[in-house]
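# What the coordinates show
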Amino acid sequence: MGHRLSKIYTRTGDSGTTGLGDGSRVAKDDLRIHALGDVDELNSCIGLLRSQIAVSTIENKAKWDKSLSLIQHWLFDLGGEVCIPNFNMVLPVSVEFLENEIDEMNETLPMLKDFILPAGTLACSYAHQARSVCRRAERSLMTVHTRDQNIQATSLQLLNRLSDWLFVASRTLQHAEGGTEVLWQKNINDTI
């Protein structure tokens, strides 16, 4: 194993800067640090989803856990890329994996004819929360890419496809637990 974190606090960030993986220091409110925080928050949301599936009544828990574990590792790889400018770790196989799983999940779902609200069972709701955080992380990463031009296309594709995966997963989880999707009602004020 490489270096171990034997001391958690270093005091080097007390002045408002933080270190990147290449040794350079940037302000704690740097766009790259915002993107890192969004990816980290997304990974935490995926962890919540994993823990909820583990205690749910959903079948194929091992398959769900394997997929979510892979996603968490890929998000760590993405964090490494953001932390070390011009460093590539995210591979196209991750995007292909998500696309294949989206297609597989979609085969069992009813046709979506209306917008759905981000609500339902706990697992479904955690997937929706992760999806919305994923979209924010994607916007943050795109901002870094637009300014620095050093975020690889595969990394941007990963977050885009992951948000799609999480949307389809939310629907799949809702149906797996016997729930019905909460449809958006266009003229809800008419029912008051």
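Up top is the structure.
The structure displayed is predicted, hence computed values, not measured ones.

Reading the values: the criteria
Residues numbered from 1 in each chain as written. Predicted model: local features only at pLDDT ≥ 70, side-chain atom pairs only at ≥ 80, totals over all residues. Heavy atoms only, no water. Core = buried A, V, L, I, M, F, W, Y, C linked by side-chain atoms within 4.5 Å. Buried < 20%, exposed > 50% of the residue type's maximum accessible area, 1.4 Å probe, protein only. Helix = DSSP H or I, 4+ residues; strand = E, 2+ residues; numbered from the N terminus. Contact = heavy atoms within 4.5 Å. Axes fitted to C-alpha atoms, helices over the stretch in contact; angles between N-to-C directions. Parallel < 35°, antiparallel > 145°, perpendicular 65-115°, else oblique. Left-handed = near helix turned anticlockwise from the far one by under 90°. Nonpolar A, V, L, I, M, F, W, Y, C, P; charged D, E, K, R; others polar. Patch = residues over 30% accessible without salt bridge, like charges linked within 9 Å, V, L, I, M, F, W, Y side chains within 5 Å. Areas by Shrake-Rupley, 256 points an atom, 1.4 Å probe, with all protein chains shown as cover. Salt bridge = Lys/Arg side-chain N within 4 Å of Asp/Glu carboxyl O. Phe/Tyr/Trp six-rings, centres within 6.5 Å; stacked < 30°, edge-to-face > 60°. Expected span 1.5 Å × (residues − 1).

Bringing the nonpolar core into the picture now. Of all hydrophobic cores here, the largest spans 39 residues; its most connected members are Leu-42, Ile-71, Leu-75, Leu-162, Trp-165 and Leu-166. Of all the elements in the fold, those that place two or more residues in this core are helix 1 (31-54), helix 2 (61-83), helix 3 (92-106), helix 4 (122-148) and helix 5 (153-176). The element that contributes the greatest number of residues to this core is helix 5, accounting for nine residues. Setting aside residues no more than four positions away along its own chain, Ile-71 makes contact with Ile-46, Leu-98, Leu-162 and Trp-165.

Relative to the assigned elements, Gly-23 resides in the loop between strand 1 (17-19) and strand 2 (25-27). Distance from Gly-23 to Ile-84, taken between C-alpha atoms, is 8.7 Å for residues 61 residues apart in sequence.

Relative orientation of the contacting elements helix 3 and helix 5 amounts to 20 degrees, with a least axis distance of 9 Å. Taken as axis vectors, helix 3 and helix 5 run roughly parallel relative to one another. For the element pair helix 3 and helix 5, the recorded crossing hand is left-handed. Contacts between helix 3 and helix 5 involve Pro-92, Ser-94, Val-95, Leu-98, Glu-99, Glu-101, Ile-102, Met-105 and Asn-106 from the first element and Thr-154, Gln-157, Leu-158, Arg-161, Leu-162, Asp-164, Trp-165, Val-168, Ala-169, Arg-171 and Thr-172 from the second. Grouping the constituent residues of the contact of helix 3 with helix 5 by class yields 10 nonpolar, five polar and five charged.

On the surface, Phe-115, Leu-117, Val-182 and Trp-184 cluster together into a nonpolar patch covering about 390 Å² of accessible area. Here Leu-117 is to be found in the loop between helix 3 and helix 4. You can call Leu-117 partly exposed: its relative accessible area is 35%.

Counted according to the given criterion, the structure contains three aromatic pairs. Taking 6.0 Å as the distance between ring centres and 70 degrees as the angle between the ring planes, the aromatic pair formed by Trp-64 and Trp-165 counts as edge-to-face. With a gap of 101 residues between them, Trp-64 in helix 2 and Trp-165 in helix 5 connect regions that are remote in the sequence. One exposure class covers both Trp-64 and Trp-165, and it is buried.

What follows covers the side chain of Glu-101. Considering the arrangement of structural elements, one finds Glu-101 in helix 3. Here Glu-101 falls in the buried class, since its relative accessible area comes to 10%.

Right, let's talk about helix 1 for a bit. Between the first and last C-alpha of helix 1 there are 35 Å, a value that for 24 residues agrees with the 34 Å anticipated at 1.5 Å per step. Among the residues of helix 1, Arg-32, Ile-33, Ala-35, Asp-38, Val-39, Leu-42, Asn-43, Cys-45, Ile-46, Leu-49, Gln-52 and Ile-53 are the ones counted as buried.

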